[in-house]
Amino acid sequence: MSEVKGYIHSTESFGSVDGPGVRFIIFVSGCPMRCQFCHNPDTWKMQDGELKTTDELLKTALRYKSYWKDKGGITVSGGEPLMQMDFLIDLFKKAKEQGVHTNIDTSGAVFTKEEPFFGKMQELLKYTDMLMLDIKHIDDEQHKILTGQSNKNILEFARYLSDIKKPIWIRHVLVPERSDKDEYLERLHDFIETLDNVERVEVLPYHTLGAYKWKELGYDYKLEGIDPPTQERIENANRILETAKYLK
Ligand code: SF4
């Protein structure tokens, strides 16, 4: 039995929005970003949650294998999965040995071509079928305001995944007064058009369901008073980002 462990926040047995088909979702703990719209601030703390071995997680996940059919599988989300590379490599290597489809839901915020990270990333990608990469804002200065971090390495990560033809879904949270401006959406669209590996683009309307967690944790909620986008603005973002063309 392997003793490689990860810090786990929670799991979900029948995820239907985090990748293709029905999926077992593993939410890891620890995130370096501070997105103003985050609805899971309870996953931010590093080395928090429950320590679980890859073997026990895989064993639990495989109980649901019959529901996955040909499309489903395992998604690791967070928090930020790429903060726990050794855990992910071990988990996905074993998952692929069992023929399981593997997906990482990531902000890409920790991506770098420096070692030791890059070597581990290359190893991990051998066992990763796809990634869901969030591009939270195309403008670097606005990205810093919205998330506390630059987007440079995130865009570099998207470019690298395109170069190696690793399939990705791009997700974009539409936040009024932050990312919901035609100019930003058009720039994001133009960037996505330069990539060769995009299988889907999704607009995720900002919602306030996680706001209470910020208050419970004693954090200052910076989007106080900002309402979710209107249906019209959601449709506008979908139109500019041409999300429909990926569904054909
Ligand atoms: S990257 Fe995800 S988990 Fe981290 S702060 Fe942003 S929305 Fe929250």
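Our structure is the block above this text.
Here the structure is a predicted model, which is why all the values come from computation and not from measurement. In this numbering scheme, every chain counts its residues from 1 along its sequence in written order. Thresholds applied to this predicted model are a pLDDT of at least 70 for local features of residues and 80 or more for the giving and counting of side-chain atom pairs; totals over whole chains, interfaces and linings are not thresholded and use all residues. As a rule here, side-chain values cover all heavy atoms of the structure and leave hydrogens and water aside.

**Section: the packing of helix H4 (residues 117-126) against helix H6 (residues 152-163)**
A pair of packed helices is characterised by two quantities: the angle between their axes and the separation of those axes. Selection rule: Angular values range over 0 to 180 degrees, each being the angle between N-to-C directions of two axes fitted as lines to C-alpha atoms, with helices fitted over their stretch in contact. Secondary structure elements are taken from DSSP: a helix is a run of H or I of four residues or more, a strand is a run of E of two residues or more, and numbering for both begins at the N terminus. If an angle is under 35 degrees, it is roughly parallel; if it is over 145, roughly antiparallel; if it lies from 65 to 115, roughly perpendicular; otherwise it is oblique. Helix crossings are classified by the rotation of the near helix relative to the far one: an anticlockwise turn of less than a right angle makes the crossing left-handed, while a clockwise turn makes it right-handed. Between two residues, a contact is recorded if the distance between any of their heavy atoms is within 4.5 Å. When residues are grouped by polarity, Ala, Val, Leu, Ile, Met, Phe, Trp, Tyr, Cys and Pro land in nonpolar, Asp, Glu, Lys and Arg in charged, and all others, Gly among them, in polar.
Interaxial distance between H4 and H6 falls to 13 Å at its minimum, and their mutual angle equals 45°. As summarised for this structure, H4 and H6 are arranged oblique, according to the angle between their axes. When the axes of H4 and H6 are compared, the crossing they make is right-handed. The segment H4 lies against H6, with Phe118, Met121, Gln122 and Leu125 engaging Phe157, Tyr160 and Leu161. Classifying every residue of the contact of H4 with H6 by side-chain character gives six nonpolar, one polar and no charged.

**Section: helix H5 (residues 140-147)**
Convention followed: Only protein chains enter the accessibility calculation, which uses a 1.4 Å probe. A residue is then buried if its area is under 20% of the maximum for its type, exposed if over 50%, and partly exposed in between. Throughout, the arc means the angular range of directions from the helix axis out to the C-beta atoms. Side-chain atoms alone can form a polar contact between residues adjacent in sequence; in general such a contact is a pair of N or O atoms within 3.5 Å, and within protein one must be able to donate a hydrogen while the other accepts it.
When H5 is considered as a whole, its buried residues turn out to be Asp140, His143, Leu146 and Thr147. Around the axis of H5, the buried residues are gathered within 120° of arc, so they sit on the same side. Here the buried face of H5 lies against H6. Capping the start of H5 is the job of one residue whose side-chain oxygen sits 3.2 Å from the backbone nitrogen of Glu141: Asp139. Note on H5: the residue one or two positions beyond its end, Gly148, has a positive phi of about 85°.

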